[in-house]
Amino acid sequence: MLTLKGLNTEYPSQKGPPVKAAQDVTFEVPAGKFFTLLGPSGCGKTTTLRSIAGLERPVGGEITVNGLTVFSAEKRIFIPPNQRNFGMVFQSYAIWPHMTVFANAAFPLEVRKNKLSKNEIREKVMRVLSAVALDQYAEREATRLSGGQQQRLALARALVMEPQLLLLDEPLSNLDAKLRDRMRFELKRIQRDLGLTTIYVTHDQGEALALSHEIAVMNEGRIVQIGTPREIYDHPRTKFVADFIGTTNFIDGVALGKDGSSGRWTVRTPIGDLLVHTDQALAADMRVTVSIRPEDVELLEEPAAAANGQNLITGLVDQKVFLGDMVDFQVKVNDYTLLSRAHPSLRTPIGDKIYVRMNPEKCVAIPDLSPARAAA
């Protein structure tokens, strides 16, 4: 298990106070799980990963792996990166161009302090090359590999040391879209088959949702939400998380009160009163933002089909875009535009009336705590 408690990492600044790259970062990763640090550029995710690796020295907090403290500001413990037994794969694969695939993978074993015999090295290297499906290319020059194969070779080189922790810093970002999608499956298979505790850094929401057991969303050096991919997607706790993870509709409103029978809240919005879900504390007259994903905005042509639905409103088709397996509709409700993602069988023409139904469980109310709104 990996545990971070109150980790703070700073960089010196030529002018003014130090740059606080990671602030009070705290999380736990159980053994064998795939944990992703997700966020935009400059949010502190790579700094956190490098702090775990020992490539950065934090100014506060503690890092322990399987009960061993590798860093503690209070106890003045700092184990150097080469003594932590962590595998790391960077955005740049750093493949040795003058070596074969086998020699690249074997290099960490050949330079380690505790020397192994040639037979032991060959056995370990061929095992990891087999795991990443490169065993048949062992004697090929590394530069003759494709981009995806080079990525797998970099992964094999990290695995050959049998690390207790695998750290991956945007390893798929240099691949084209199709290869990146294929490598997600490969990476997930390797992690699952080997049972590796893995920390993954990315700004790609699709990668995070596809690969992770748990995700920590970061912004401005802090973790703003931790949860499973479904929890993060379906129940964002802040407007930033809802906006960063996928596409959503934001509807500003005011909380009116709680429905006694269902436990849901009623929110007054520009498109009408909506029943919404929230797992956060609300109060009457509190300003909130309702987030609802386009695929949860259901469109119906017949009012009879929508009669039993809650959060039923009427709108006009303003625009639509055919995307092959789906159609994106823009529906005008009063002066507000809702984005809906529908099946191509829905062919309502632009300008026609359409009925909109939204499941209250999918309408997530997020308290608006921004200073500007609070003062309004």
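Small disclaimer: the values here were computed from a predicted structure and weren't measured. (Residues numbered from 1 in each chain as written. Predicted model: local features only at pLDDT ≥ 70, side-chain atom pairs only at ≥ 80, totals over all residues. Heavy atoms only, no water.)

Draft legend 1. Fine view of the packing of aromatic side chains. Counted by the stated rule, this structure contains four aromatic pairs. Note on F27 and F35: the rings are 4.6 Å apart at their centroids and 20 degrees apart in plane angle, and the pair reads as stacked. In this pair, the class of F27 matches that of F35, namely buried. With 5.5 Å between their ring centres and 55 degrees between their planes, W96 and F107 make a pair best called tilted. Of the two residues, W96 sits in the loop between β7 (86-89) and α2 (101-110) while F107 sits in helix α2, which places them eleven residues apart along the sequence. Taking NZ or CZ as reference, R84 lies 5.1 Å from the ring centre of F78, over its face. A cation over an aromatic ring shows up here: K239 above the ring of F250, its NZ or CZ 5.1 Å from the ring centre. (Phe/Tyr/Trp six-rings, centres within 6.5 Å; stacked < 30°, edge-to-face > 60°. Buried < 20%, exposed > 50% of the residue type's maximum accessible area, 1.4 Å probe, protein only. Helix = DSSP H or I, 4+ residues; strand = E, 2+ residues; numbered from the N terminus. Lys NZ or Arg CZ within 6 Å of the ring centre and 35° of its normal.)

Draft legend 2. Quick look at the sheet that holds strand β3 (residues 34-38). Pairing is mixed in the open sheet, where six strands are placed in the order β7-β8-β9-β3-β10-β11. Looking along the sheet, the strands with just one partner apiece sit at the ends: β7 and β11 (222-227). On average, each strand axis in the sheet is inclined to that of its neighbour by 20 degrees, with strand direction left out of account. (Pairing = 2+ DSSP bridges. Axes fitted to C-alpha atoms, helices over the stretch in contact; angles between N-to-C directions.)

Draft legend 3. Here's a closer look at the nonpolar core. Membership of the largest hydrophobic core comes to 36 residues, with the highest contact counts inside it found for V125, L129, L153, L155 and L159. Of all the elements in the fold, those that place two or more residues in this core are α2, α3 (118-131), α4 (147-159), β8 (165-169) and α5 (177-194). The greatest single-element share of this core, amounting to six residues, is contributed by α4. With residues up to four places along the chain from it excluded, the contact list for L129 reads V101, F102, A105, L134, D135, A138, L153 and A156. Counting 28 residues, the second largest nonpolar core, distinct from the first, contains A255, V267, A342 and C363. (Core = buried A, V, L, I, M, F, W, Y, C linked by side-chain atoms within 4.5 Å. Contact = heavy atoms within 4.5 Å.)

Draft legend 4. Quick look at the pattern of salt bridges. Counted by the stated rule, this structure contains 15 salt bridges. A salt bridge links D181 to R184; its shortest N-O distance comes to 3.4 Å. Of this pair, D181 and R184 both sit in helix α5, three residues apart, which is roughly one turn of the helix. A salt bridge links E186 to R189, with the shortest nitrogen-to-oxygen separation between them at 3.0 Å. Pair noted here: E186 and R189 are both in helix α5, with a separation of three residues, about one helical turn. The exposure class of R189 is partly exposed, given its relative accessible area of 26%. Via salt bridges that share partners, E123, K124, R127 and E162 belong to a single interconnected network. (Salt bridge = Lys/Arg side-chain N within 4 Å of Asp/Glu carboxyl O.)

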